[in-house]
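One-letter residues, chain by chain:
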Amino acid sequence: MIDILNISLVSRFPTYISGLFAINPVLERVSKEVLKNMEHPEKIQLATLDLVIVLIISLLSIFMLVYSIILLVNGFRVSTNTKKAKHFVFFIIALILAEVIAKTLVYNI
């Protein structure tokens, strides 16, 4: 039980680090521009450098999310000492269901 708790805590670090990427004046400027012209998307004027920065931040965030899931799967494999593929399939299904239930509960409160 301690191994599972430990890896579930450690796997959240990449998610927290990727949240720090959102504290960026470029993202704030781009989001204001998009929200200002949401009804007329053809009027959105964004600099190329801003789009490149948004792309890099997006790719880093996706990488951190994938790394977090890899940490969870590896921690599950080590803590349960399982080798069968069906256990990993059940783990992934449980992970997706837990995420859906958590998001549903958070948005309904």
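In case you missed it, the structure is sitting above this.
Keep in mind the model is a prediction, meaning the values are calculated, not measured.

**Student:** Where do I start with unusual backbone geometry in this structure?
**Tutor:** The bulk of non-glycine residues show a negative phi, and the bulk of peptide bonds are trans. Residue Asn81 is not a glycine yet carries a positive backbone phi of 55 degrees. As for its placement among the helices and strands, Asn81 is situated in the loop between helix 4 (48-80) and helix 5 (85-108).

**Student:** Can you help me understand the side chain of Ser18 in this one?
**Tutor:** By secondary structure assignment, the location of Ser18 is in helix 2 (residues 13-20). Of the residues examined, Ser18 reaches a relative accessible area of 16% and is grouped as buried. In this view, Ser18 contacts Ser61 and Met64; residues no more than four positions away in its chain are not counted.

**Student:** Is there a simple way to think about the packing of aromatic side chains in this case?
**Tutor:** The way to describe two aromatic rings as a pair is by their centre distance and the angle between their planes. Applying the stated criterion across every chain, the model contains three aromatic pairs. An angle of 75 degrees between the planes, with centres 5.9 Å apart, marks the rings of Phe76 and Phe88 as edge-to-face. Remark: Phe88 occurs in helix 5 and Phe76 occurs in helix 4; sequence separation between them is twelve residues. Classification of Phe76 by relative accessible area gives buried; the value is 18%.

**Student:** Which parts of the structure should I look at to understand a nonpolar patch on the surface?
**Tutor:** On the surface, Leu55, Leu59, Ile62, Phe63, Val66, Tyr67 and Ile70 cluster together to form a nonpolar patch covering roughly 690 Å² of accessible area. Residue placement: Tyr67 occurs in helix 4. Judged by its relative accessible area of 39%, Tyr67 falls in the partly exposed class.

**Student:** I tried to follow helix 3 (residues 25-36) on my own but got confused; where do I start?
**Tutor:** Because an α-helix completes one turn every 3.6 residues, residues spaced three or four positions apart along the sequence face the same direction. In a regular helix each residue adds 1.5 Å, so twelve residues correspond to 16 Å; helix 3 covers 16 Å between its end C-alpha atoms and thus fits that length. Every buried residue of helix 3 is listed here: Val26, Val30 and Glu33. Looking straight down helix 3, one finds that the buried residues subtend no more than 65 degrees of arc, so they occupy a single side. Exposed residues on helix 3 whose side chains face more than 90 degrees from its buried face are Pro25, Lys32, Leu35 and Lys36. Where the residues of helix 3 are buried, they touch helix 4. Between the side-chain oxygen of the N-cap and the backbone nitrogen of Val26 there are 3.0 Å, and the N-cap of helix 3 in question is Asn24.

The rules behind each value
- Residues numbered from 1 in each chain as written.
- Predicted model: local features only at pLDDT ≥ 70, side-chain atom pairs only at ≥ 80, totals over all residues.
- Heavy atoms only, no water.
- Helix = DSSP H or I, 4+ residues; strand = E, 2+ residues; numbered from the N terminus.
- Buried < 20%, exposed > 50% of the residue type's maximum accessible area, 1.4 Å probe, protein only.
- Contact = heavy atoms within 4.5 Å.
- Phe/Tyr/Trp six-rings, centres within 6.5 Å; stacked < 30°, edge-to-face > 60°.
- Patch = residues over 30% accessible without salt bridge, like charges linked within 9 Å, V, L, I, M, F, W, Y side chains within 5 Å.
- Areas by Shrake-Rupley, 256 points an atom, 1.4 Å probe, with all protein chains shown as cover.
- Salt bridge = Lys/Arg side-chain N within 4 Å of Asp/Glu carboxyl O.
- Expected span 1.5 Å × (residues − 1).
- Arc of directions from axis to C-beta.
- Polar contact = N/O pair within 3.5 Å; in protein donor to acceptor, adjacent residues only side chain to side chain.

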